[in-house]
Amino acid sequence: MRHNLPHNNAELIWSTWGIPESCGTAAARTHRIGAGTIRTAIWKTGSNTLLAISNQIDAPTWTMPGFPGTATPRLCFPAESALDEQGFPELGGPGWMYAWLGKERRYALLPAYPELPVCVRLRHPVMLPPMTNIQGILASYVQAELHIGSHKAATLPLQALQKTLYGSTTSGLVCYVVDGSFIPDDLLDDNGGLKQADQDFDASRILHPVRIRNNTSEVVHIQDLCVYGSQLSIFRKGRQLFSEKIQFAFGPSRVRMSIESSPRRSSDTVILAEAQTSGEDTVIERSIEMLRAITRM
Amino acid sequence: MMKNLKNRDFRGVPRLWTAIVLMLLWTAAPALLRAQNGTETPTAVMEDSAVPAQVDQATPQNTAAVAEEHPNAGVVVDIPLLDSLKNFFLNPELLGRILNVGLTILVGIVLISLLIGVLKRIAHKRLDPRSSDLIIKIIQWAGVALIVINALKAAKVDLNPLLGAAGIVGIALGFAAQTSVSNFISGFFLVSEKAFTVGDILTIDNLTGVVFSIDTLSIKLRAFDNRLIRIPNETLIKANMINLTRFPVRRLNITLTVPYDTDVEQAKNLLLDIADRHPTVLRNPEPFFMIQSFGKEGVDLFLGVWFVQSDWEPTNNGMFMAIKQRFDEAGIRFAYPTFNLATQEDSRSALRQQAVSGPAGSST
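In this text the structure is predicted, and so the values were computed from the model without any measurement. (Residues numbered from 1 in each chain as written. Chains lettered and ligands numbered in written order. Predicted model: local features only at pLDDT ≥ 70, side-chain atom pairs only at ≥ 80, totals over all residues.)

Observations regarding the overall build of chain B
When its secondary structure is counted, chain B shows 12 helices and 8 strands. Put simply, chain B has 364 residues, and 17% of those count as buried. (Helix = DSSP H or I, 4+ residues; strand = E, 2+ residues; numbered from the N terminus. Buried ≥ 20, exposed ≤ 12 C-beta atoms within 10 Å, placed from the backbone.)

Focus on helix H8 (residues 178-193) of chain B
Residue and element names in this part refer to chain B. In this model, H8 (16 residues) spans 22 Å end to end at C-alpha, consistent with the 22 Å of a helix rising 1.5 Å per residue. Listed in full, the buried residues belonging to H8 are Asn183, Gly187 and Leu190. Within H8, the buried residues cover an arc of 70° as seen down the axis, which keeps them to one side. For H8, the exposed residues lying more than 90 degrees away from the buried face are Gln178, Phe189 and Ser192. (Expected span 1.5 Å × (residues − 1). Arc of directions from axis to C-beta.)

As for the packing of helix H10 (residues 264-277) of chain B against helix H11 (residues 312-330) of chain B
Residues and elements named next belong to chain B. Contact geometry for H10 and H11: axes closest at 10 Å, N-to-C directions at 140°. The orientation of H10 with respect to H11, classified from their angle, is oblique. As for how H10 packs across H11, the hand of that crossing is right-handed. Seen from H10, the contacting residues are Gln266, Leu270, Leu271 and Ile274; seen from H11, they are Met319, Ala322, Ile323, Arg326, Phe327 and Ala330. Considered class by class, the residues forming the contact of H10 with H11 number 8 nonpolar, 1 polar and 1 charged. (Axes fitted to C-alpha atoms, helices over the stretch in contact; angles between N-to-C directions. Parallel < 35°, antiparallel > 145°, perpendicular 65-115°, else oblique. Left-handed = near helix turned anticlockwise from the far one by under 90°. Contact = placed C-beta atoms within 7 Å. Nonpolar A, V, L, I, M, F, W, Y, C, P; charged D, E, K, R; others polar.)

Here's the deal with the nonpolar core
Ranked by size, the top nonpolar core spans 74 residues in total, and within it Ile53(A), Leu146(A), Ile206(A) and Val305(B) carry the most contacts. Apart from the residues within four sequence positions on either side, Val305(B) is in contact with Arg251(B), Leu252(B), Ala275(B), Val281(B), Pro287(B), Thr315(B) and Met319(B). Grouped together as the second largest cluster of nonpolar side chains are 10 residues, Ile109(B), Ile112(B), Ile136(B) and Ala151(B) included. (Core = buried A, V, L, I, M, F, W, Y, C linked by C-beta atoms within 7 Å.)

Section: the sheet that holds strand S15 (residues 220-227) of chain A
All names here are of chain A. The sheet built from 4 strands is open, its strands ordered S11-S12-S7-S15 with mixed pairing. Two strands in the sheet have a free side with no partner beyond their single neighbour: strand S11 (162-166) and S15. Ignoring which end each strand starts from, the neighbouring axes of this sheet average 50° apart. Relative to S15, strand S7 (residues 118-128) runs antiparallel, the two sharing 7 bridges. Bridging from a neighbouring strand, cysteine 119 pairs with cysteine 226 of S15. (Pairing = 2+ DSSP bridges.)

Describing the pairing of strand S4 (residues 48-57) of chain A
Along any regular strand the residues' side chains alternate between the sheet's two faces. All names here are of chain A. For S4, the tally of buried residues reaches 7 of 10 residues, placing the bulk of the element in the interior. Bridging between strand S3 (residues 36-45) and S4 involves 10 bridges; their strand directions are antiparallel. Residue pairing across strands places glycine 36 opposite isoleucine 57, the latter belonging to S4. Hairpin connection, S3 to S4: the antiparallel pair is bridged by 2 residues, and glycine 46 has positive phi, about 65°. As paired elements, S4 and strand S5 (residues 97-100) share 4 bridges and run antiparallel to each other. Looking at S5, one finds that isoleucine 53 is bridged to methionine 97.

Examining the sheet that holds strand S10 (residues 151-156) of chain A
Residue and element names in this part refer to chain A. Pairing is antiparallel across the open sheet formed by 4 strands, whose spatial order is S1-S6-S9-S10. At either margin of the open sheet sits one strand with a lone partner, and together these are strand S1 (16-18) and S10. Looking at each pair of strands side by side, their axes are set apart by 30° on average, direction ignored. Direction of pairing for strand S6 (residues 106-112) relative to strand S9 (residues 143-148): antiparallel, over a ladder of 5 bridges. Bridge pairing in S9 links proline 111 to alanine 144.

Details of the environment of Ser243(A)
All names here are of chain A. Note on placement: serine 243 falls in the loop between strand S17 (240-242) and strand S18 (245-250). C-alpha separation for the pair serine 243 and serine 262, spaced 19 residues apart in sequence, amounts to 7.8 Å. In this structure serine 243 touches Ile206, His208, Leu232, Ser233, Ile234 and Phe235, once residues within four positions along its chain are discounted.

Looking at unusual backbone geometry
Residue and element names in this part refer to chain B. For the bond running from asparagine 284 to proline 285, omega is 0°, close enough to zero to count as cis. You can see proline 285 is positioned in the loop between H10 and strand S7 (288-294). The phi angle at aspartate 205 is positive, at roughly 50°, despite the residue not being glycine. Exposure remark for aspartate 205: the 12 C-beta atoms within 10 Å place this residue in the exposed category. With phi around 70°, asparagine 226 is a residue other than glycine that occupies positive phi space.

Some thoughts on the confidence of the model for chain A
All names here are of chain A. Looking at chain A, the pLDDT average stands at 77 and 74% of residues meet or exceed 70. Here helix H2 (residues 279-295) is the element of chain A with the lowest mean pLDDT, 58, and S9 is the one with the highest, 93. Taken as a whole, residues 61-81 scores under 50 in pLDDT and shows 39 contacts with residues more than four places along the chain or in a different chain. (pLDDT = per-residue confidence, 0-100.)

Looking at the pairing of strand S1 (residues 201-204) of chain B
Residues and elements named next belong to chain B. Taken together, the 4 bridges between S1 and strand S2 (residues 207-214) define a ladder with antiparallel strand orientation. Bridge pairing links leucine 202 to glycine 209 in S2. Where S1 hands over to S2, the hairpin turn is made up of 2 residues, of which aspartate 205 adopts a positive phi near 50°. Relative to strand S5 (residues 241-243), S1 runs antiparallel, the two sharing 3 bridges. Residue pairing for S5: threonine 203 is matched across the bridge by isoleucine 242.

Observations concerning the confidence of the model for chain B
All names here are of chain B. Scored by pLDDT, chain B has a mean of 77; 74% of the residues are at 70 or more. Note that pLDDT drops below 50 for residues 39-60; the model gives that stretch 30 contacts with residues more than four away or on any other chain. Two summary scores accompany this predicted model of the complex, namely pTM at 0.63 and ipTM at 0.72.

Brief notes about H11(B)
Residue and element names in this part refer to chain B. Between its first and last C-alpha atoms H11 spans 27 Å; for 19 residues at 1.5 Å apiece the expected length is 27 Å, and the two agree. On the buried face of H11, the contacting elements are strand S6 (249-258), H10 and strand S8 (299-308). Directly after H11, the chain includes glycine 331, whose backbone phi takes a positive value near 75°.

What about the environment of Cys175(A)?
Residues and elements named next belong to chain A. With respect to the helices, strands and loops of the structure, cysteine 175 is situated in strand S12 (residues 173-180). In this structure cysteine 175 comes out as buried when scored by C-beta crowding, with 26 C-beta atoms within 10 Å. Distance from cysteine 175 to glutamate 115, taken between C-alpha atoms, is 9.1 Å for residues 60 residues apart in sequence. Dropping the residues within four chain positions of it, cysteine 175 is found in contact with Leu116, Pro117, Val118, Cys119, Lys163, Thr164, Tyr166 and Cys226.

And the structure:
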């Protein structure tokens, strides 16, 4: 039985799933999330039942031969692998990961922020006069985590994200980079959601309500905004994923990201992932890293 | 507990116990001699080699006779070993001194190991392995020196002649251990420079490897083929060293030569496009293109792309593979050394041809 799910329905996708009913590739379940496709199947080895997991990312239009659009190197499919009609290798091949199920008969797909911060490169840089602020929305991407019981079985990227360096080549921060735009306030409805239809958003995309504040005495041109996912939670409202409201304060010497407010709790707002670290922890950690980078101690 | 202390904190000082035993013996030896003197029996001093063998078995009765017979000879007295040991161990002053020494050593070891334990915890958290190991080693050696000095004081050993002797020995050792001392001091300078740490990849005099350990006299590199390379600190401080992993990102420098008939603009666009599409090439700093020179074989091009240190292998292999593939697809060839050879026969035929047809441009 094959399930081809709509790729933009976060409400459906980020939930708990029963394991596929029978063994083999033919009975594999397909989750389509953003540009990623996750397949799960049942694989029997003797008396053990394993959940086989495979992941592919749509090859970006620019992807060259030699760089298959797979999520991670360990999931790369060898050229000689037999692929089925959906481009997935046969069960038992190297393109699958296997997780022990035990007595569990369900697994959960949950969104999570990538391990690196995500730097949103604005297509249209924003000019902000001194001592002013602007509100809007940024979009970045989440990756999927597959949980069996209380254990995380796999982390599955859903986008082929490129890396960039935020800062100088001697002490900068390596981040993922996504192109985006700063959506002005007038496109938002009263609840902070977009007035536009949500078909532009897929289930792997998360919205960050932001306020950018210029605390300097000079005009700042904002080209990149770096979102530290580890400090943020993931909420779902309807079909959309979103985070807390973030504030970027441009000071004379640095840019500081902090959480301005959490979304109002309502019956239709579900929290899918909690923040992993507090802002204070990150500040301390970053300060120590910076000190170590400078002093090499 | 002692075993535990040794394993935990005195691994770098294996000679500690030897030193303690030697010190105890050293403390005990004169005391033993004094104890023997304390029996009020004259010590046998052989001053004349002509003393007959039977003197060894002399008794108080025949001692006088021997002395009469050999006026230059000392008096030989036999003391039973048991008595000597009994006197030695029942001497309260000596016992007190030994106890004092033992207590000083024990307290010293406990205090120093506690200090080192605390230091280790702090240093490993706050400092890099190189600095923390060096600091801990210095504290260990300083601790051992303090323990030894205190123990000697407790044994009421006069330190002045010892210090004098130590000075002379120090000079002798200094000459003998010039290289080691030089390496040791070089190690300090290297630490203060903070040019590398454990885990960095270094290239030193054509040797490349991951820093495996940083010791007092040398550093050890693990080469990529798993060989261990030991480089003395003195050599390291003189050599040109390249730290490949000092900064979070690095640039891959690609140089290639295309023939003169190549459309250089097309080659440039292709190279920048390859860099732009490569998954591990950083978007910022941007890839850098440059025409280096008009070389012997063609136009020398340069492309620099930035990558995260951990992505070295996929970036290097991926970029070269992609350039080859895309250049082949675009019909751009790579230049290689080309020579036009003209043989003597070719020259003669050319001359004959010229003679038959007449000089170029001439008309009949």
